[in-house]
2 protein chains.
Amino acid sequence: MTINYNIALIGFGNVNRTLAEVIRTTGSTIARDLGFTLTVTAITDLRFGALVDAGGIDLDAVLALAPGETFVGLGGTAECDNETVIRTAPADIIAEATFTNPNNGQPALDHVRWALAAGRSVCTTNKGPAAFAARELRELARQNGVRFEYEGAVMSGTPVLRLAAGPLRGVGMRGFSGILNGTSNYILGRLEAGMGQAEAIREAQERGYAEANPTADIGGSDVRLKVMVLVEALFGVVLAPADIPLTGITGITPELVAAAAAQGTKWKLIGQAVRGEDGRVTASVAPQMLGSDHPLAGITGVTNALMFDTDFLGQVTISGPGAGRRETAYALLSDIIAIHDSRA
Amino acid sequence: MTINYNIALIGFGNVNRTLAEVIRTTGSTIARDLGFTLTVTAITDLRFGALVDAGGIDLDAVLALAPGETFVGLGGTAECDNETVIRTAPADIIAEATFTNPNNGQPALDHVRWALAAGRSVCTTNKGPAAFAARELRELARQNGVRFEYEGAVMSGTPVLRLAAGPLRGVGMRGFSGILNGTSNYILGRLEAGMGQAEAIREAQERGYAEANPTADIGGSDVRLKVMVLVEALFGVVLAPADIPLTGITGITPELVAAAAAQGTKWKLIGQAVRGEDGRVTASVAPQMLGSDHPLAGITGVTNALMFDTDFLGQVTISGPGAGRRETAYALLSDIIAIHDSRA
């Protein structure tokens, strides 16, 4: 038996566009390997407007829209009323991939609340809702018999939340250290190659690794949100941004990089947390000099990595992509698989 | 509600002894965190004999036995009839940790068959049953409404089988490369430090990393069995040892190591497999020179690592312990958690 899930895509930027492409091109493979089909029944986006079709939206048509065009030509509207679509569209699952304000998780947080309250499961790659309200949202999901899944909030499609919650359950999690921002890790690598910071940032922007305003990446606030997500998921402890001392990489000069290299070490921007004997969690984000034998020292370029410190296994490290279109779309797909499993 | 599982320990060497210690010392933590209790109701071992107690064996007493003592003084027998105990003891789960013949998986394979046929779930750290008969045993488990779990067959407690089957499902597995034998990786590291192979083997033996006869480790046959387990688990393809060309590290001389270092590379013993477009899987075990940017190049000492090559995520690598008493006991505990989940 093949189950179908109707999906509403909230936000139609790179992430949900790629999910739509994946559904369009590999839907039959998904059905064969995973046992379900996916039908996109609604799309909203600030630029394109809103489009709802209970019979399934023509993905060829929406993916072929030129810049400046709207959904009006496809029978939709130019306005984008996210709340109405999320609450009323014929969708089992809401794929949330809009903008998040890093200070309060909005508007994505409201999108998730509306969806769960309306009895729809949510998959999202947004850090905001999970960082500021994971516990509330899981409880809201439970009350409504649905799921709130957000694997892509940390390390994109590389599974860390579900690795900790599943295969590593019972391992005795004591803490973690991670390289959780590919942009800053790339820039640090370019400093090692002798580049100045301004030049390295420019190169990262040219390659699509850094945004026009790279503050969240190099200032460390992106990592801090991910640490909040991890601390809640791994330890059940809710931290606010102010609880996590923050130092970015802006102070790491070529001279500091050279001095580290002379000692056989490398600067890495590390987000970390430790749970004390009393259950309290201490977390921080700051550049650290790592010796060459450290599991995170060899993580180069835009790759991300997370090292779990555990009671039974000592250090276990997973590394993989932390960004990218297909990689992030896979995060949503893996969330959908988890939603599917929860219904089976 | 807390469920209790009765466990029979088949083999009472390091692995099952440590599992017994874990149950004895952290049973209440397991009950609180995982929702089940574990009661050891049977133990068999060639040296100690057999002991069965439906009310729960006194773990303090069995763990205090001196070398040369048997279970007779505790009300057991000096003989060890594994088949009778496995088929008839009051056990929900059989923890299989005996010897395995690397050519056919015996006697562990028969132990697993008997257990599953008698309607008991099996957790094991033995490579043999999974390498030679995983498919048959899973089917036998299914027919009897129980589970066959063997996470510890590859990389000890570091989760790779369950990572691939769970959080990475649907990722499009194309192949893998792994450092799957800590002993040989340790020896290669000592060669890099300038040691000769005989001296490095001796040091590994002194530290407890290598057995008196290190042939299976340095000759690569241990890795080959693990590759067989992985190929079946990841691709559903059954390979025989003869299908996997095998070269160990015995031919890696200090001169070859120095020559690799001069090129900025390192020798690593790599077990790998690739699935072709036609679904056929090609696997091998051989030393390879890896450049410093390869995800496995930085894996030092006795640490193991597995790099998955995937369609959606590219390379995802997990590293962690591949041996050790508590690490391997955790593999069994994680199997028991999986058995518990399957009943919930």
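Residues numbered from 1 in each chain as written. Chains lettered and ligands numbered in written order. Predicted model: local features only at pLDDT ≥ 70, side-chain atom pairs only at ≥ 80, totals over all residues. Heavy atoms only, no water.

Asks: Just to check I follow, could you spell out the overall build of chain A for this structure?
Replies: If you tally the helices and strands in chain A, you get 12 helices and 11 strands. For a compact globule of 344 residues, the expected C-alpha radius of gyration is about 20 Å, and chain A comes in at 21 Å, within 12% of that figure. Here the C-alpha coordinates of chain A stretch approximately 65 × 45 × 40 Å along the principal axes. Residues counted as buried form 54% of the 344 residues belonging to chain A. (Helix = DSSP H or I, 4+ residues; strand = E, 2+ residues; numbered from the N terminus. Rg over C-alpha atoms; globule rule 2.2 N^0.38 Å. Buried < 20%, exposed > 50% of the residue type's maximum accessible area, 1.4 Å probe, protein only.)

Asks: What exactly am I supposed to notice about the sheet that holds strand β3 (residues 49-52) of chain A here?
Replies: Two strands in a sheet stick together by hydrogen bonds in their backbones, pointing the same way (parallel) or opposite ways (antiparallel). All names here are of chain A. Read across the sheet, six strands follow the order β3-β2-β1-β4-β5-β6 without closing on themselves; strand pairing throughout is mixed. The open sheet has two edge strands, β3 and β6 (148-149), and neither has a second partner. Helix α4 (residues 108-117) contacts β1 (3-10), β4 (93-96), β5 (121-124) and β6 of the sheet and is inclined by roughly 175° relative to β4. (Pairing = 2+ DSSP bridges. Contact = heavy atoms within 4.5 Å. Axes fitted to C-alpha atoms, helices over the stretch in contact; angles between N-to-C directions.)

Asks: Sorry, what's going on with the pairing of strand β9 (residues 281-291) of chain A here?
Replies: Sheet faces and side chains relate simply in a regular strand, where the side chains alternate between the two faces. Residues and elements named next belong to chain A. Inspection of the sheet shows strand β8 (residues 265-275) paired to β9 by 11 bridges, in the antiparallel sense. When the bridges of β9 are listed, valine 274 appears paired with threonine 282. The hairpin formed by β8 and β9 contains five residues between the paired strands, and glycine 279 there has a positive phi angle of roughly 90°.

Asks: Help me out: how do you make sense of the relation of the copies chain A and chain B in this one?
Replies: Look at the two chain copies: a rotation about an axis and a shift along it is all it takes to match them. Of the transformation superimposing chain A on chain B, the axial component is 0.0 Å and the angular component is 180°, with the fit at an RMSD of 0.0 Å. Such a combination of rotation and displacement between the chain copies is what one expects of a two-fold axis. The rotation axis passes nearest to the C-alpha of Ile318(A) in chain A, at a distance of 2.1 Å. (Least-squares fit on C-alpha atoms with pLDDT ≥ 70 in both.)

Asks: Any chance you could explain the side chain of Glu149(A) here in plain terms?
Replies: With respect to the helices, strands and loops of the structure, Glu149(A) is situated in strand β6. Here Arg162(A) takes part through its side chain, which lies 2.9 Å from a polar atom of the side chain of Glu149(A). (Polar contact = N/O pair within 3.5 Å; in protein donor to acceptor, adjacent residues only side chain to side chain.)

Asks: Mind showing me how you'd approach the interface of chain A and chain B here?
Replies: The extent of an interface is frequently quoted as the accessible surface area lost upon association of the parts. Counting residues at the interface gives 29 residues for chain A and 29 residues for chain B. Taken over both partners, the interface formed by chain A and chain B buries close to 2,700 Å², and the fraction arising from carbon and sulfur atoms is 62%. Among the residues chain A hides against chain B, the three largest losses belong to Arg169(A), Phe312(A) and Tyr330(A). Together they make up 28% of the total. Where chain A packs against chain B, one counts four salt bridges. Close ionic contact of Asp311(B) with Arg326(A) constitutes a salt bridge, the shortest N to O distance being 3.1 Å. In this structure, the connection of chain A to chain B is made through 12 residue pairs in polar contact (both at pLDDT 80 or more). Looking at the side of chain A that touches chain B, the elements that each hand over two or more residues are α1 (14-34), α6 (161-165), β11 (314-321) and α12 (325-343) of chain A. Of the residues in the side of chain A that touches chain B, the class split is 15 nonpolar, eight polar and six charged. Both β11(A) and strand β11 (residues 314-321) of chain B contribute to a ladder of three bridges, which runs antiparallel. Residue Ile318(A) lies in a different strand from β11(B), and its bridge partner there is Ile318(B). (Buried area = accessible area lost by both parts, 1.4 Å probe. Salt bridge = Lys/Arg side-chain N within 4 Å of Asp/Glu carboxyl O. Nonpolar A, V, L, I, M, F, W, Y, C, P; charged D, E, K, R; others polar.)

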